[in-house]
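Results of the structural survey
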Amino acid sequence: MSDVFRNARRLFSRIKPVRVPEAPARSFRDLWPGDANRGAALLRGEMEVMGSARALDGWGPESGPLPWRMAAHGFAWLRDLRSLGSDAARVEARDLTEAWLAQGANEPVANLPEVAAMRVSSWLGHWDFFAASAEEGFRRALMQRLAHDGRRLAASLPDEAAHRGALMVMKGTIAAAVALGEEAWMVRALKFLPAELERQFHPDGGHVERSPAVQLLAFQDLIELRNLLNGSGVTAPPQLATVIDRAGQALRLFRHGDGTLSLFNGTREEPASLVDLVLTQGQAKGRAPLLLQETGFHRLAASRTLVIADCGAPPPGRGADPATGAPRGADRFAHAGALSFEMSVGRDRLIVNCGASPAGDSAWRDALRSTAAHSTLTLADTNSAELRPEGLGRRPERVEVERFEANGAQWLEATHDGYRRTHNAIHKRRLYLSENGDDLRGEDVLEPQGTVDQPCVVRFHLHPGVKAVLQEEEGGVLMRLPTGQGWRLRARGAAIALEDSVYLGLGAEARRTSQIVLTSQGEAEGIQWAITRVAPAEPASPPA
């Protein structure tokens, strides 16, 4: 528990006790759909969090990794049980809540402000589902814990975390203030809300964590905040509407042609239907922007071809909570994927990053965070940023990008210095997309201030739906999309190979896939490559 939280608790302990009503003063309803498959798994005693599924057989540290435990104590899984719409799901929700009140309520993780805020919002948003018709003792225990958590949340403002958790604390405080009729909590929250919005979102609307998944969640938080304030007759600060508008547009940049999210910094695909619903609820209109200048992402689009590239510096870190190890910095989900990109054609993904397992075991989680798990250059089998449990250690400090357009063609020139400390080298990547979208060309160069004689590898991870075959005679790889359309990758300045890879962008199971690997000894001229569409007259399908 942080010193700020302890000091605030002492302050609020001198304030009159909170009045605990028999039920929330206002009726809430969680806006977002659950997953019936995850709900059915919960009935079997298994909980899935961000692609990591494990038995829900306790609430202590031994039950799973910290992010998994935070989600378990946060109760957002109630929406998965609600999605089943059965009495068995309702009973399971109550049984799990009673078990938590008896066994998990005093766990340090349960009392983190971010987790308490998630729990407050979840309980209030699902009150009608699992609590309204429950027996009186159950409801009384819930309301007493809600009052306890609400009071502590209000005391913790402004929260010290640099990530979305601080926005969740703001939302949880306002929800508790409305539910319990605590005007002082509302006044305190509204005092700090404008500054928190400015701290959480860049002027271009991108969230400070630089994660498409967190962008989606933070946008949901903003919508809930707006609805809470409007529904209770409280005038929202004008900054809220402005940030909602910008954040919705920023979210659109991260969508592929199939409507799901690109896989950067702890992100998994997320259902297109959910993203559509969130954009509709947020009243986000207009087309996807071409770039997020401050957040550091670019979008190249021509005809049916789309490229989304990470051209920004990692977010800042702030260490971890000493009691629980919970990250405090905005880099908590950051990957070592500097200058990586993804490519899709229509609704089919072609080039991807490997995905993420933020709540998985540390070895698996870090394998997916590594530079080698991204479609970018790796020097001497070294990550472009140092991976730590709470975020990043050594990291790129300068990431620069220039964008050009002419006659419908688009290109980027970007550099990062993540290898300056380890190898005295700068990675420079050029991307060029032709005006008809049939030709994506790239160049990866190491610009040494000394001499780089270490092997460097450029990887292109393929989506599991893509079939590929190495064409040794032609010096390339032929790829086929699910539609049957063919694309070919050729390279110069490097040996080309087709190797196994994994994809954890959807579901809890890793899927086998392939990666194209270009290997060089770091020659000064760099590695040039091109991905071009195969003409219909050519054989577009690899042999069976």
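Just so it is clear, the model here is predicted, and its values are computed rather than measured. (Residues numbered from 1 in each chain as written. Predicted model: local features only at pLDDT ≥ 70, side-chain atom pairs only at ≥ 80, totals over all residues. Heavy atoms only, no water.)

Details of the confidence of the model for the protein chain
For clarity, the threshold we go by: pLDDT runs from 0 to 100 and stands for how confident the predictor is about each residue. Residue contacts follow a heavy-atom distance rule, with two residues in contact if any of their heavy atoms lie within 4.5 Å.
Mean pLDDT for the protein chain: 93, with 94% of residues reaching 70 or above. For the stretch residues 1-15, pLDDT sits under 50, and the model shows 25 contacts to residues farther than four places along the chain or on other chains.

Some details on the pairing of strand β21 (residues 527-533)
In summary, the side chains of a regular strand alternate between the two faces of the sheet. Formally: Here the term buried applies to any residue with accessible area under 20% of the maximum for its type, exposed to any over 50%, and partly exposed to those in between, with areas from a 1.4 Å probe on protein chains only. The numbering of helices and of strands both runs from the N terminus, where a helix is a DSSP run of H or I of at least 4 residues and a strand a run of E of at least 2. At least two DSSP bridges between two strands are needed for those strands to be called paired.
Along β21, 5 of the 7 residues are buried, which leaves the element largely enclosed by surrounding structure. Note: strand β14 (residues 439-448) against β21, 6 bridges, orientation antiparallel. Bridge pairing in β21 places Asp439 opposite Thr532. Direction of pairing for strand β18 (residues 486-492) relative to β21: antiparallel, over a ladder of 6 bridges. Looking at β21, one finds that Arg488 is bridged to Thr532.

Considering the pairing of strand β11 (residues 399-406)
Where β11 meets strand β12 (residues 409-416), 8 bridges bridge the pair, whose relative direction is antiparallel. Looking at the pairing, Ala406 lines up with Ala409 of β12. Hairpin connection from β11 to β12: 2 residues lie between these consecutive antiparallel strands, with Asn407 at a positive phi of about 55°.

Some thoughts on unusual backbone geometry
Cis geometry marks the peptide bond from Leu157 to Pro158, where omega comes out at -10°. Notably, Arg210 is not glycine yet its phi reads approximately 60°, a positive angle. Relative to the elements of secondary structure, Arg210 occurs in the loop between α10 (183-200) and α11 (212-231). Residue class for Arg210 comes out buried when judged on its relative accessible area of 4%. A positive phi is found at Asn424, a non-glycine position, where the angle reads about 55°. With respect to the helices, strands and loops of the structure, Asn424 is situated in the loop between α15 (420-423) and β13 (425-433).

Re the packing of helix α9 (residues 164-180) against α10
Pairs of packed helices are described in terms of their axes, by the angle between the two and the distance that separates them. Where we set the bar: Inter-axis angles, ranging from 0 to 180 degrees, are taken between N-to-C directions of lines fitted to C-alpha atoms, where helices are fitted over the stretch in contact. Orientation is classified from the angle alone, with under 35 degrees giving roughly parallel, over 145 giving roughly antiparallel, 65 to 115 giving roughly perpendicular, and any other angle giving oblique. By convention the crossing between two helices is left-handed if the near helix lies anticlockwise of the far one by an angle smaller than a right angle, and right-handed if it lies clockwise.
Packing of α9 against α10 leaves a shortest axis separation of 10 Å and a crossing angle of 155°. Classified by the angle between their axes, α9 and α10 sit roughly antiparallel to one another. Between α9 and α10 lies a crossing whose hand is left-handed. Residues Arg164, Ala166, Leu167, Met170, Thr173, Ile174, Ala176, Ala177, Val178 and Leu180 of α9 lie in contact with α10, whose contacting residues are Trp185, Met186, Ala189, Phe192, Leu193, Glu196, Leu197, Arg199 and Gln200.

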